[in-house]
Amino acid sequence: AQSVTQPDIHITVSEGASLELRCNYSYGATPYLFWYVQSPGQGLQLLLKYFSGDTLVQGIKGFEAEFKRSQSSFNLRKPSVHWSDAAEYFCAVASGGSYIPTFGRGTSLIVHP
Amino acid sequence: EPEVTQTPSHQVTQMGQEVILRCVPISNHLYFYWYRQILGQKVEFLVSFYNNEISEKSEIFDDQFSVERPDGSNFTLKIRSTKLEDSAMYFCASSTGSLSYEQYFGPGTRLTVT
């Protein structure tokens, strides 16, 4: 069965600093990978997704993620964080057999001014 | 921009009572989903619905749960006899198609069972 690990429960960064949120997955074949963001009181919004092709994926709000098969990772990055990026971030994986994503536990991003 | 809406935002109920959580998916979407997130835990898939029938469900979605699309706009999740462990945030989502299409999530309904 597929699974997702987000090892960091909380991440604190200063505004303007770079960001990397870690995600590791467990799945035998090529996975479908997603990053979602959830702002307080809001639903989950898709930031970006990887299905195939270029392993560096660009998303909305200046985010990008890189699929590294050798490390079973799909880390989310942003070069300069804004205060409005403070939110909960979820990594998810789906397989070719089921389009239903399995979510990680989430990482809470705190942005200091 | 069209969005998925959910009502109520917060529902408090007593153990053993029935609850219905309501969702209005985006109007041209064909696939509908329910997820739940117990406080501090992962978002978990409950059920997907397409063409007026359940297309996939998880082991969490037992006989106490049911879904319905009673009209052309609403998509409901019913819990027949709530248990304390049903307390969670319930998210509805919809999409135009299956895997390659983005799922749009609603803001969630927080269910508290006392």
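This report concerns the structure included in the present document. (Residues numbered from 1 in each chain as written. Chains lettered and ligands numbered in written order. Predicted model: local features only at pLDDT ≥ 70, side-chain atom pairs only at ≥ 80, totals over all residues. Heavy atoms only, no water.)

### Comments concerning the overall build of chain A
Applicable threshold: Each helix corresponds to a stretch of at least 4 residues labelled H or I by DSSP, and each strand to a stretch of at least 2 residues labelled E; elements are numbered beginning at the N terminus. For each residue, the accessible area found with a 1.4 Å probe, counting protein chains only, is set against the maximum for its type, and the residue is called buried under 20%, exposed over 50%, and partly exposed in between. Whether two residues are in contact is decided by their heavy atoms: any pair within 4.5 Å suffices.
Within chain A, the regular secondary structure consists of zero helices and twelve strands. Taken from N to C terminus, the helices and strands of chain A fall in the order β-β-β-β-β-β-β-β-β-β-β-β. Its C-alpha atoms put chain A at 45 × 30 × 20 Å along the principal axes. Counting across all 113 residues of chain A, residues that qualify as buried make up 48%. A sequence separation of at least 24 residues applies to 54% of the contacts in chain A between residues at least 6 apart.

### Some remarks on the pattern of salt bridges
This is how it is decided: Salt bridges are defined as contacts in which a side-chain nitrogen from Lys or Arg sits within 4 Å of a carboxyl oxygen from Asp or Glu.
Within the structure shown, the criterion is met by five salt bridges over all chains. A:Asp85 serves as the salt-bridge partner of A:Lys78, at 2.8 Å between the closest nitrogen and oxygen. You'll find A:Lys78 and A:Asp85 in the same group, each marked buried. With a shortest N-O distance of 3.2 Å, B:Arg36 and B:Glu44 are connected by a salt bridge. When its relative accessible area of 11% is taken as the criterion, B:Arg36 is described as buried. Counted as one network, the salt bridges with shared partners bring together A:Glu64, A:Glu66 and A:Arg77.

### Here we look at the interface of chain B and chain A
The condition that has to hold: Once two parts are joined, some of their accessible surface, as seen by a 1.4 Å probe, is lost; buried area is that loss totalled over both. Whenever a nitrogen or oxygen atom comes within 3.5 Å of another N or O atom, the pair is scored as a polar contact, on the condition that within protein one atom can donate a hydrogen and the other can accept it, and that pairs from neighbouring residues in sequence are kept only if both atoms are in side chains.
Each partner contributes to the interface: chain B provides 21 residues, whereas chain A provides 22 residues. Counting each side, the surface lost to burial between chain B and chain A is near 1800 Å², with a carbon and sulfur contribution of 62%. Applying the counting criterion to the chain B and chain A interface returns zero salt bridges. The tally of links from chain B across to chain A stands at two residue pairs in polar contact (both at pLDDT 80 or more). Where the side of chain B that touches chain A is concerned, the elements lending two or more residues are β4 (31-37), β5 (43-50) and β6 (53-57) of chain B. Top element by residues in the side of chain B that touches chain A is β4(B). It accounts for four residues.

These figures capture arrangement, not role.
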